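# Results of the structural survey
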Amino acid sequence: AACRRFSKCLYAAWHKMFELRRVLDGKDPAVALKGEENDFVMNLRLRPPRSGDDARKLFDSAKAAYAELSEQLTDARASGALPAEVDATALAEWLHSVRVRQ
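Residues numbered from 1 in each chain as written. Predicted model: local features only at pLDDT ≥ 70, side-chain atom pairs only at ≥ 80, totals over all residues. Heavy atoms only, no water.

### Quick notes on the nonpolar core
Definition in use: By convention a nonpolar core is built from buried Ala, Val, Leu, Ile, Met, Phe, Trp, Tyr and Cys residues, the set being connected through side-chain atoms within 4.5 Å. When a residue's accessible area, from a 1.4 Å probe over protein chains only, is under 20% of the maximum for its type it is buried; when over 50% it is exposed; and in between it is partly exposed. What counts as a helix is a DSSP run of H or I of at least four residues, what counts as a strand is a run of E of at least two, and both are numbered from the N terminus. We call two residues contacting when some pair of their heavy atoms lies within 4.5 Å.
Counting residues in hydrophobic clusters, the biggest one holds ten residues: Leu10, Trp14, Met17, Phe18, Leu33, Val41, Leu44, Ala62, Ala65 and Leu69. For this core, the elements supplying multiple residues, two or more each, are helix H1 (2-24), helix H2 (35-46) and helix H3 (52-79). The dominant element in this core, judged by the number of residues it contributes, is H1, at four residues. Apart from the residues within four sequence positions on either side, Trp14 is in contact with Phe40, Val41, Leu44, Ser61, Ala62 and Ala65.

Following this line, the structure appears as structure tokens:
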């Protein structure tokens, strides 16, 4: 049971890391993972590690990827390379103006 919970957590972590990598690369997030990314996370989810050593290797791999992405995220924030957040007020005003014109 512990191995299944572990693989579920790894599945979720890798899914989010793949999405973060995509955003940092200037791409749109995917609704669902495809191709090798999907195969990788599904393998984690459907084939939990069978030993502590296997679990440690998977954890170390995820931790290394996280550290790399964390550094890239810090650099992107510092350089202003991240996409701007939505200005909810401006969006609401625009939506109101569209409705008023109808």
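### Thoughts on the packing of H1 against H2
Under the convention used in this document: Here an angle of 0 to 180 degrees is reported between the N-to-C directions of two axes, which are lines fitted to C-alpha atoms, with helices fitted over the stretch in contact. When describing relative orientation, an angle under 35 degrees is termed roughly parallel and one over 145 degrees roughly antiparallel, while 65 to 115 degrees is termed roughly perpendicular and anything else oblique. In a left-handed crossing the near helix is turned counterclockwise from the far helix by less than a right angle, and in a right-handed crossing that turn is clockwise. Side-chain classes follow a simple rule in which Ala, Val, Leu, Ile, Met, Phe, Trp, Tyr, Cys and Pro form the nonpolar group, Asp, Glu, Lys and Arg form the charged group, and the remainder, Gly included, forms the polar group.
In the contact formed by H1 and H2, the axes pass within 7 Å of each other and the chain directions differ by 165 degrees. Between H1 and H2, the interaxial angle falls into the category roughly antiparallel. Helix-helix and strand crossings are classified by hand; for H1 and H2 the assignment is right-handed. Here H1 contributes Arg4, Ser7, Lys8, Leu10, Tyr11, Trp14, His15, Phe18 and Arg22 to the contact with H2, which in turn contributes Glu37, Phe40, Val41, Met42, Leu44 and Arg45. When grouped by side-chain class, the residues that make up the contact of H1 with H2 number eight nonpolar, two polar and five charged.

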